[in-house]
Amino acid sequence: MKKYKMLIALAGGPYAEKVALAGLVFGKPMNAEISLVSIVKPTSDVSEDGSTSAEISEELKISYRKNLETLVKKIFHDYPVKIFVEKGKPYSTILKKAADWRADVIVMGIHTKVENSGYTKANDFDEIIKQVKIPLILIPEN
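Fair warning: this is a prediction, and the values are worked out from it, not measured in the lab.

Student: Sorry if this is basic, but what is going on with the sheet that holds strand S2 (residues 33-40) here?
Tutor: Note: strands within a sheet are paired through backbone hydrogen bonds, in either parallel or antiparallel orientation. Spatially, the 5 strands line up as an open sheet ordered S3-S2-S1-S4-S5, and their pairing is parallel. Looking at strand neighbours, the two that pair on one side only are strand S3 (81-87) and strand S5 (136-140), the edges of this open sheet. Averaged over all pairs of adjacent strands, the angle between strand axes in this sheet comes to 25 degrees, irrespective of strand direction. One ladder, built from 5 bridges, connects strand S1 (residues 5-9) with S2; its direction is parallel. What sits directly across from Leu7, in S2, is Ser35.

Set out below in structure tokens:
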């Protein structure tokens, strides 16, 4: 029997728990292999304090990984979960990670007000919806 792979894309914040829990609720009965992915968006060349974009990106990757590890302990407990922290544009990086990991489904949150989400603009959602080749489960914010 084929083991399904579920990629849960998380933008961070308290809403990430709801999305992760929804993914677990869908994936656990199927004994799905679950991975969480967070995307570090490209930054400007130098910040106000003189940090370079590479330094900022590395700090963000470490922070995102810690947040995902905390989420795994809180939501998934003993259920095995892989963690990915990738750098890039959210829509293209999520789709690429799903393809590279050979995911069967993507789970992600959708905010009623996209400008409050962790994604850069409405276009990220539009592009994922237009380009995705596998099922997409969208978890509404409220």
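There's more to say after this.
Student: What is the right way to read the nonpolar core from this model?
Tutor: Soluble globular proteins: nonpolar side chains tend toward being buried together. In terms of nonpolar packing, the biggest core is built from 25 residues, with Ile8, Leu10, Ile34, Leu36 and Phe76 touching the most fellow members. For this core, the secondary-structure elements that each account for two or more residues are S1, helix H1 (15-27), S2, helix H2 (53-76), S3 and strand S4 (105-110). Sorting elements by how many residues they give to this core places H1 first, with 6 residues. In this structure, Ile39, Ile106, Met108 and Ile128 belong to the second largest nonpolar core, which totals 16 residues.

Student: Can you help me understand H1 in this one?
Tutor: One turn of the α-helix equals 3.6 residues, which is why residues spaced by three or four share an orientation. Its 13 residues place the ends of H1 19 Å apart at the C-alpha level, agreeing with the 18 Å of an ideal helix rising 1.5 Å per residue. Burial in H1 covers these residues: Tyr15, Ala16, Val19, Ala20, Ala22, Gly23, Leu24 and Gly27. The inward-facing, buried residues of H1 contact S1, S2, H2, S4 and S5.

Student: Would you take a moment to explain H2 for this structure?
Tutor: For H2, which comprises 24 residues, the first-to-last C-alpha distance of 33 Å matches the rise-based estimate of 34 Å (1.5 Å per residue) to within 8%. Every buried residue of H2 is accounted for by Ser53, Ile56, Ser57, Leu68, Leu71, Val72, Ile75 and Phe76. In this fold, the buried residues of H2 make contact with S1, H1, S2 and S3.

Conventions adopted
Residues numbered from 1 in each chain as written. Predicted model: local features only at pLDDT ≥ 70, side-chain atom pairs only at ≥ 80, totals over all residues. Heavy atoms only, no water. Pairing = 2+ DSSP bridges. Helix = DSSP H or I, 4+ residues; strand = E, 2+ residues; numbered from the N terminus. Axes fitted to C-alpha atoms, helices over the stretch in contact; angles between N-to-C directions. Core = buried A, V, L, I, M, F, W, Y, C linked by side-chain atoms within 4.5 Å. Buried < 20%, exposed > 50% of the residue type's maximum accessible area, 1.4 Å probe, protein only. Expected span 1.5 Å × (residues − 1). Contact = heavy atoms within 4.5 Å.

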